[in-house]
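# Examination of the molecular architecture
If you want the building blocks of each chain, they are given just below.
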Amino acid sequence: MPLAMNREVFITCAVTGSGATQDRSPHVPRSPAEIASSAIDAAKAGAAVVHCHVRDPETGAPSRDLSLYREVTDRIRASDVDVVLNLTAGMGGDLVLGSTEAPLPPGAGTDMIGAEARVAHIRDCLPEICTLDCGTMNFAEADYVMVNTPGMLRAMGTIMTELGVKPEIEAFDTGHLWFAKQLVEEGVLDGPALVQLCMGVPWGAPDDLNTFLAMVNAVPDDWTFSAFALGRHQMPYVAASVLAGGNVRVGLEDNLMLGRGVLATNARLVERAVSVIEGLGATVIGPEDVRRKLNLKKR
């Protein structure tokens, strides 16, 4: 396999996520003001795209509250910093089963809603990009399943396409890429597509390089891809993705540490990614270049 390094790289910063990290670092933003401020700081540090979830401002628990998404969106757009806004559409497909002997009815933490409800904030806020988790998988905890059926994905993808919002396909395994290509073939999603390769998320694709290259090789040549891995592998994957021809994602959603014993901020993680990318001889591109590359409509 010849080296096919990407020479013009954009950075996505995943600002806060929906994992239970809110009490593990004081830098994980909770309120809309904190999330927007952290996203703006990441953009100033070199991120062309900010990927945002929202949280309950009091507890830090993940939320689907439309007013929180609206406030984050308005605060980012009202700033004097240009950045491409990417909102999650991954909430609302959470299935927590009961015990192995009595899996039904579902347990506490289950949050299963319809396609229209899952993208209600996308319709309201109209970001330039939103995520589409392109498959169902066992997800870390013993009895939790991230549910994204083919029918649900077709319905959500159709709404995103009609709204003119570019889906970022979240691929946690090779089968997710397979189905993403089917969605483009069917016309549910427009091609060429945008893909985020999600490596090392239990129990999806492991973050070894053989698996990563298998994922990369499954991405059509005219698609744009980015990649990330979790925790201490976040920065090595900045280099790995650039060398494989892709773009990069960093941020507190995936990693809380800048180094051993040193808590990170989103801006510091972006700064570190910039140094890795430029150290490889590549250039970090900004939001206007990303819009041209991905044919985005600025909101």
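Let's shift gears to the overall build of the protein chain. Within the protein chain, the secondary structure is distributed over ten helices and 18 strands. Its C-alpha atoms give the protein chain a radius of gyration of 18 Å, within 12% of the compact-globule value 19 Å for 299 residues. Among the 299 residues that make up the protein chain, the fraction classed as buried is 54%. Contacts spanning at least 24 positions in sequence make up 72% of the contacts within the protein chain whose residues lie at least 6 apart. Here the protein chain has roughly 12,700 Å² of accessible surface; of this, 53% comes from carbon and sulfur atoms. Averaging the locations of the 25 positively and 37 negatively charged side chains of the protein chain gives two centres separated by 4 Å.

Before going further, it helps to spend a moment on unusual backbone geometry. Going from L104 to P105, the amide bond is cis rather than trans, its omega being 0°. Position of P105 relative to the elements: it lies in the loop between β7 (93–96) and β8 (111–112). Of note in this structure, L126 is not a glycine but carries a positive phi near 45°. By the element assignment, L126 lies in the loop between α4 (120–125) and β9 (129–133). Here the phi dihedral of N295 falls at roughly 60°; this positive angle occurs in a residue that is not glycine. If you trace the backbone, N295 turns up in the segment after α10 (287–294). For N295, a relative accessible area of 71% gives the class exposed.

Let's shift gears to the pairing of strand β14 (residues 224–229). Burial runs high along β14: six of the six residues are buried. Regarding the hand of the β-α-β motif, the stretch spanning strand β13 (residues 194–199), helix α7 (residues 209–217) and β14 is right-handed. Examined bridge by bridge, β14 and strand β15 (residues 247–250) share two bridges and lie parallel to one another. Paired with A227 across the bridge in β15 is V248. Following the backbone out of β14, through helix α8 (residues 234–243) and into the adjacent parallel β15, one traces a crossover that is right-handed.

One broad trend across soluble globular proteins is that nonpolar side chains are buried collectively. Counting residues in hydrophobic clusters, the biggest one holds 81 residues, and the most contacted among them are I11, C52, I76, L197, F212 and V270. In this structure, V49, V84, V290 and L296 belong to the second largest nonpolar core, which totals ten residues.

The next subject is the sheet that holds strand β11 (residues 144–146). Judged by pairing direction, the sheet is antiparallel, and its four strands sit side by side in the order β8-β7-β11-β10 without closing on themselves. Both edges of this open sheet fall to β8 and β10 (137–138), since each of them pairs with a single strand only. Alignment of β7 against β8, held across two bridges, turns out to be antiparallel. Looking at the pairing, D94 lines up with D111 of β8.

Basis of the calculations
Residues numbered from 1 in each chain as written. Predicted model: local features only at pLDDT ≥ 70, side-chain atom pairs only at ≥ 80, totals over all residues. Heavy atoms only, no water. Helix = DSSP H or I, 4+ residues; strand = E, 2+ residues; numbered from the N terminus. Rg over C-alpha atoms; globule rule 2.2 N^0.38 Å. Buried < 20%, exposed > 50% of the residue type's maximum accessible area, 1.4 Å probe, protein only. Contact = heavy atoms within 4.5 Å. Areas by Shrake-Rupley, 256 points an atom, 1.4 Å probe, with all protein chains shown as cover. Lys, Arg positive; Asp, Glu negative; His and termini not counted. Charge placed at Lys NZ, Arg CZ, Asp CG, Glu CD. Right-handed = clockwise from strand over helix to strand, strands pointing away. Pairing = 2+ DSSP bridges. Core = buried A, V, L, I, M, F, W, Y, C linked by side-chain atoms within 4.5 Å.

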